[in-house]
Each structure stands twice: as C-alpha cells, then as structure tokens.
Amino acid sequence: MSHHDETILLFRNTMRITDGHLEDFRNAIARAVEFAQQHGPQLMVQTFVDEKRMLAHSFQLYRDSDAVRLHWKLADPFIQDVMKHCRVEHFEVFGEPDAEVAAGLRSSLGEQTPLTFSPRIAGFLRFGAALDIAAE
C-alpha cells in the first residue's frame, strides 16, 4: 500500500431535500459539481437523487486532508447555495482525515447530524482503466 492510498478520503453525504425545492436543489448541485470539476481538488464527485424519498447522496473522493481544506476554501459559496435547499441527514467519512479536518467536519455538521468515521483497511484505484473500458 502506498502512502497515497493511506491518505485517501471518501465522503458520503446524505441530504434531505426540502419539500418544494427539488429543482432548485438539482440546479445548485449542478453548478457546484461543474465548479468542482473545473477548479476543485476532488478526484471524483458523484451525486444521486432518490426523488420518492427526497434524498440525495453525494460521494466525493480526495487525495488527502489538504485537498479537503482546499475544497472548503474554494467551494464555500456553492456549498451555501446547495444548503438553501436541503439539510444533511448523515455524513460518512471513509479513511482517516487529520485532526483539523475531522474537527472541521464535526463543527460544520453540529451535534444534530450523525457523523461516522471508518478507517481504511485495503483497496486500490483504477480510474484510468475504468474510464478506458467505459469509453469502448
């Protein structure tokens, strides 16, 4: 396992979309993801919507805690825009962020939002090969 593998972080954010805000939520997410794709440090961002239950699930993959801090610095206006249309129901962190990022997550989510941390055991990344297969 390389050092890079040991520092990787995967976030899963489950959001409850406010009634009557689905289209505004979708638009805000689209703007946020477009910004992240062009300027953000994430290796991957994927967001999925369960319209029947009015839930959205966002997955974000980061190289390390420094990338998370950079994301927070760059994307705050986009995060605030999304949060006008939802509330975080649960936030899961896969991997081990440094103490500053862990504290920042706890602080921003507050005591009302469940936050879990799951240390990494093993794994690998194969984005290049997966993208080549998908293009065929």
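Before reading on, note that the structure itself is shown above.
Residues numbered from 1 in each chain as written. Predicted model: local features only at pLDDT ≥ 70, side-chain atom pairs only at ≥ 80, totals over all residues. Heavy atoms only, no water.

Caption draft 1: Geometry of helix α3 (residues 65-83). Between its first and last C-alpha, α3 extends only 22 Å over 19 residues, short of the 27 Å set by a 1.5 Å rise per residue. Where α3 bends most, at alanine 75, the angle is about 70°, and the proline proline 77 comes one to four residues later. Within α3 the residues assigned to the buried category are Ser65, Ala67, Val68, His71, Ala75, Asp81 and Val82. Its buried side turned inward, α3 meets β1 (9-17), α2 (22-39), β3 (55-62), β4 (86-94) and α4 (99-109). (Helix = DSSP H or I, 4+ residues; strand = E, 2+ residues; numbered from the N terminus. Expected span 1.5 Å × (residues − 1). Bend = angle between axes of the 7 residues up to and from the residue. Buried < 20%, exposed > 50% of the residue type's maximum accessible area, 1.4 Å probe, protein only. Contact = heavy atoms within 4.5 Å.)

Caption draft 2: The arrangement of the nonpolar core in detail. Ranked by internal contacts, the top residues of the largest apolar core, which has 22 residues, are Phe11, Met15, Phe25, Val82 and Phe91. Contributing elements (two or more residues each) for this core: β1, α2, β3, α3, β4 and α4. A per-element tally of this core places α2 first, with five residues. Contacts of phenylalanine 11, omitting those with residues within four sequence positions, involve Ser58, Phe59, Gln60, Tyr62, Val68, Phe91, Glu92, Val93 and Leu105. (Core = buried A, V, L, I, M, F, W, Y, C linked by side-chain atoms within 4.5 Å.)

Caption draft 3: Structural detail: the packing of α3 against α4. Interaxial distance between α3 and α4 falls to 9 Å at its minimum, and their mutual angle equals 40°. Taken as axis vectors, α3 and α4 run oblique relative to one another. α3 and α4 meet at a crossing whose hand is left-handed. Contacts between α3 and α4 involve Ser65, Val68, Arg69 and Trp72 on the former and, on the latter, Glu100, Val101, Gly104 and Leu105. Considered class by class, the residues forming the contact of α3 with α4 number four nonpolar, two polar and two charged. (Axes fitted to C-alpha atoms, helices over the stretch in contact; angles between N-to-C directions. Parallel < 35°, antiparallel > 145°, perpendicular 65-115°, else oblique. Left-handed = near helix turned anticlockwise from the far one by under 90°. Nonpolar A, V, L, I, M, F, W, Y, C, P; charged D, E, K, R; others polar.)

Caption draft 4: Summary view of the pattern of salt bridges. Evaluation of the coordinates by the stated rule reveals eleven salt bridges. A salt bridge links aspartate 81 to arginine 31, with the shortest nitrogen-to-oxygen separation between them at 2.6 Å. Linking aspartate 81 in helix α3 with arginine 31 in helix α2, this pair joins segments that are 50 residues apart in sequence. For aspartate 81, a relative accessible area of 18% corresponds to the buried category. (Salt bridge = Lys/Arg side-chain N within 4 Å of Asp/Glu carboxyl O.)

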